[in-house]
Amino acid sequence: GLREARFYEALAPKLSLRTPRAQVVRYEEDEGGAFVLLLEDLNASGCTVSSGPESPSPSAAARALEDLAGMHVRFEDPAVRRREAGWVPEPDPPSDYGAVRLQEGLDRHREKLTDAFAEMAALYIEKQAELHALWRAGPQTVIHRAAHIGNLFDDNGVTGFLDWGLVVVSTPLRDVSYVLCMCLSVADRRQHERDLIQHYLEVRKSLGGSAIPFEEAWQTHRVQAAYLAPASCQIVTFPEDATERRKRFAAAFLERASAAIEDLESRAALRDVAGL
């Protein structure tokens, strides 16, 4: 919460991407990290948030990637990052939270998981430190980190970004891959992901960002898709007390994650890139 409050105070006003407008931001920088945020009522503004199955169009995803490129390029200069966003941390060391829940999913609900997802979950349980290091590799900048369908909203065709509590310094391709895999419908991702990655890279170049070759970006996209297994760690426990709304969202989330891991052959990419 403290991190999110600082984002709305210090970074949101400098960025062109759509975020909820902050009416009030107050926080204390002591150990307690108390904070208060009063944000725009998106319903009153005519915005909508997906219940899970609904997805942005490929054109809306292209615009979202353009907006993310603006943030990524702005903060890829370490001097600018120190001056304007020095409080944004690197990712925390991985905990056992995801591994424990993935193991529960494998033990109790294996029949509900695809073979490719289960294989990736098992690899994460065994090699989580190595995988997290790999997912952080590449050019560094400020990223959203969790730009999945539940953290986006639609403002009359413009994609906005919610939930900035996990903002970190890491590779920009984490955001790109997450948007493609976890926001687009499976069919649209399959049809448009290469073109959308190329579009993002061209926008980066036009904004003066560092060059990333397409083949490198594509390989990284395949590697980043492996993260979708631990990203689904709560979902694969299939809690019995989940509401119907929660079940609807979870099913759409897991469908996207499972399809991306399999389509992009993430397990093979990890062998090729890092011998995992």
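Residues numbered from 1 in each chain as written. Predicted model: local features only at pLDDT ≥ 70, side-chain atom pairs only at ≥ 80, totals over all residues. Heavy atoms only, no water.

K.L.:
Describe the side chain of Arg 81, with residues and values.
P.N.:
With respect to the secondary-structure elements, Arg 81 resides in helix α3 (residues 78–85). Put simply, Arg 81 is tucked away with no salt bridge, and the nearest opposite charge, on Glu 90, sits 6.9 Å away. Not counting residues within four places of it along the chain, the set of residues in contact with Arg 81 comprises Phe 75, Glu 76, Gly 86, Gln 140, Thr 141, Val 142 and Val 169. (Helix = DSSP H or I, 4+ residues; strand = E, 2+ residues; numbered from the N terminus. Buried < 20%, exposed > 50% of the residue type's maximum accessible area, 1.4 Å probe, protein only. Lys, Arg positive; Asp, Glu negative; His and termini not counted. Salt bridge = Lys/Arg side-chain N within 4 Å of Asp/Glu carboxyl O. Contact = heavy atoms within 4.5 Å.)

K.L.:
So what about the pattern of salt bridges? Which residues, and what values?
P.N.:
Enumeration according to the criterion identifies 17 salt bridges in this entry. Of the charged contacts, one joins Arg 18 and Asp 155 as a salt bridge, the two residues approaching to 2.9 Å between their closest N and O atoms. On the criterion of sequence distance, the pair formed by Arg 18 in the loop between α1 (2–11) and β1 (22–27) and Asp 155 in strand β4 (residues 152–155) is long-range, its members being 137 residues apart. Take Arg 18: its relative accessible area is 14%, and that puts it in the buried class. Each of Arg 18, Arg 21, Glu 40 and Asp 155 takes part in salt bridges that share partners, so that together they form one network.

K.L.:
Just give me the short version of the nonpolar core, but keep the residues and values in it.
P.N.:
Core analysis: the largest hydrophobic core is formed by 81 residues, its most contacted members being Phe 117, Leu 228 and Leu 270. Considering each element in turn, this core owes the most residues, ten residues, to helix α5 (residues 115–136). If near-sequence neighbours (up to four positions away) are discounted, Phe 117 is found in contact with Leu 102, Leu 228, Ala 229, Ser 232, Val 236, Leu 254, Ser 258 and Ile 261. (Core = buried A, V, L, I, M, F, W, Y, C linked by side-chain atoms within 4.5 Å.)

Note that all results are geometric; they support no functional claim without further evidence.
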